[in-house]
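The primary structure of each chain is shown beneath.
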Amino acid sequence: FLLHVERYFGVLLPRLKPHLIQNGGPIILVQVENEYGSSRTCDSPYKDFLVSLIRHHLGDEVVLYTADGWDLHHLVCGPVHKDGVLTTVNFGPNSKHHPAFTRMRYFQKGGPLVNSEYYPGWLDHWGEPHQTKSNELVLREFTSMLTSTMGVIYVNFYMFFGGTNFGFYNGANMAVEAKYQPDPTSYDYDAPLTECGDVTSKYYAIRDAIKKHRPMIFDESLLSKVHNSTKKAYGKVYLEKILPFTSIKELSTSTFTTQGPTPLTFEDVKQDFGYVLYEPGFSIPSQSDNEIELTIDKPRDRVTVYTDGKFVGAIYRNDKIRKLKIPKFERLSLLAENMGRINYGPHIHDFKGILGDIKLSSGARVTSWKMWTLPLNNTKSANFRSLHQDHTEPGCLLQGTFQVDSNPADTWIKMDWFTKGVIFVNNRNVGRYWPKEGPQRHIYVPAVWLRRGSNTLTLFESDALPNNRMNLFVELVDHPDLGGVKTDLLNVKYF
């Protein structure tokens, strides 16, 4: 691991060095690690290695820091506690700054007081309500820090500007009760600036608080530069071309075969994101039962099941019973989706694919597996054909076009008629959709990804197509839909 870090930093850090503040650039601090105390791995030599490596490339003048929660364990194991590395803490408006910084001062006697991550909102997870925090809640503790008797406190908002997990780049958490929580495509975060960069009432409230309590850093001339983006509803996009499931292997970037009951993981086949298709390496003997029970004990993260090219169901990591009744078949296809790697806490060793054996109640044992990697980074080369009503099964790619007659504007894809998958605009992976699971229902498309004239929209639908083929379209609308609202969420901690 450290060899890879050393090689990566050897390329990255020399590129950043000219942009450090002491060299006339905007970078004022360089972070050694992020919330390392949450990993429960108190590996001081590892942190020392990072400090030495960073200073080797950036010099001794650079100000290094760590950022952790203010729980005792986080502050014991996260910071460096030597070599002049600044300790900072992260907390949101449900915490009070005085006890947080008092505890931090036990470990670091001097230096500025810095809240590296003050949370004006919170992130969403598929299947959970959209998270928000009220302006009043956010302003209460923010104002308290600006007027603190502890002295000057420096506050960094996370997030100040909402964002988007384009492509397959969303992360995931693992809750205390061992519930896997993948993030949706939107990372709007109920931030002061929205996913598309629009200002909110929360933005104005924070701005007014800064103007009142820190007037010396307030620049009135910048206010005229704040404006919202143009939005447009481009209407319905009818999907008129298809790459059926029977041809999905055309998009595979590599094929693997393994002997034994356990197939290979994403990591085994050197694939980071997307899907891997698993099929038995030989014909399974004829089954005597009309219905068979399929068991996948360790799906990572969701396995969509097809028999003879037809969707029959899915087995999800969060299912309490990871079994599925399937009909007799000639061909069994298992499409594993990496729904996002856990990127916080002790569960970050998050291998993807099908981990462990796959069992059939018929008694037939699969002792060989074939795997096709499907990162879906090559949809531009898909051999689409005209859509006919007799071959529209899930597990397919669908494509349509729409016109942009003037300067492109921000828009959102309304996915009400579809179930689960991923969507592309002009061959860019815009992200995942799962509207029935929610909370997000509309997918953001920035104006810069559109062009005047004809634009292409492609989607991969893994689960279910509209029953009425007249509904085989998506609609481009001029507003987001992030789902139901849950106000003033507490600062959830994931261990």
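Conventions we followed
- Residues numbered from 1 in each chain as written.
- Predicted model: local features only at pLDDT ≥ 70, side-chain atom pairs only at ≥ 80, totals over all residues.
- Heavy atoms only, no water.
- Salt bridge = Lys/Arg side-chain N within 4 Å of Asp/Glu carboxyl O.
- Helix = DSSP H or I, 4+ residues; strand = E, 2+ residues; numbered from the N terminus.
- Buried < 20%, exposed > 50% of the residue type's maximum accessible area, 1.4 Å probe, protein only.
- Patch = residues over 30% accessible without salt bridge, like charges linked within 9 Å, V, L, I, M, F, W, Y side chains within 5 Å.
- Areas by Shrake-Rupley, 256 points an atom, 1.4 Å probe, with all protein chains shown as cover.
- Contact = heavy atoms within 4.5 Å.
- Expected span 1.5 Å × (residues − 1).
- Arc of directions from axis to C-beta.

Q: Help me out: how do you make sense of the pattern of salt bridges in this one?
A: Any two side chains of opposite charge can pair if their charged atoms end up close together. This model, assessed by the stated rule, comprises 23 salt bridges. Of the charged contacts, one joins Glu128 and Lys179 as a salt bridge, the two residues approaching to 3.4 Å between their closest N and O atoms. Of this pair, Glu128 sits in the loop between strand S4 (113–118) and strand S5 (130–132) while Lys179 is found in the loop between strand S8 (171–174) and strand S9 (180–182), placing the two residues 51 residues apart along the sequence. Taking the relative accessible area as the measure of exposure, Glu128 reaches 16% and is therefore buried. On the basis of relative accessibility, which here comes to 30%, the residue Lys179 falls in the partly exposed class.

Q: When you look at a nonpolar patch on the surface in this model, what are you seeing that I'm missing?
A: Side chains of Ile21, Ile28, Leu29 and Val63 sit close together on the surface and give an oily, nonpolar patch of about 320 Å² of accessible area. Relative to the assigned elements, Ile21 resides in the loop between helix H1 (2–16) and strand S1 (30–34).

Q: Mind showing me how you'd approach the side chain of Thr258 here?
A: Mapped onto the fold, Thr258 is located in strand S13 (residues 255–259). For Thr258, a relative accessible area of 13% gives the class buried. Discounting residues that sit within four places of it in the chain, Thr258 has contacts with Pro263, Leu264, Thr367, Ser368, Trp369 and Met371.

Q: I would appreciate a short explanation of helix H6 (residues 201–213) in the present structure.
A: Along an α-helix, residues three or four apart share an orientation, since each turn contains 3.6 residues. For H6, built from 13 residues, the straight-helix expectation of 18 Å at 1.5 Å per residue is met to within 8% by its first-to-last C-alpha distance of 18 Å. Here H6 has its buried residues at Lys202, Tyr203, Ile206 and Ala209. Seen along its axis, H6 keeps its buried residues to an arc of 130°; they face one direction. Facing away from the buried side of H6 by more than 90 degrees, the exposed set consists of Ser201 and Lys212. Of the surrounding elements, those touching the buried residues of H6 are helix H5 (135–146) and strand S6 (153–157).

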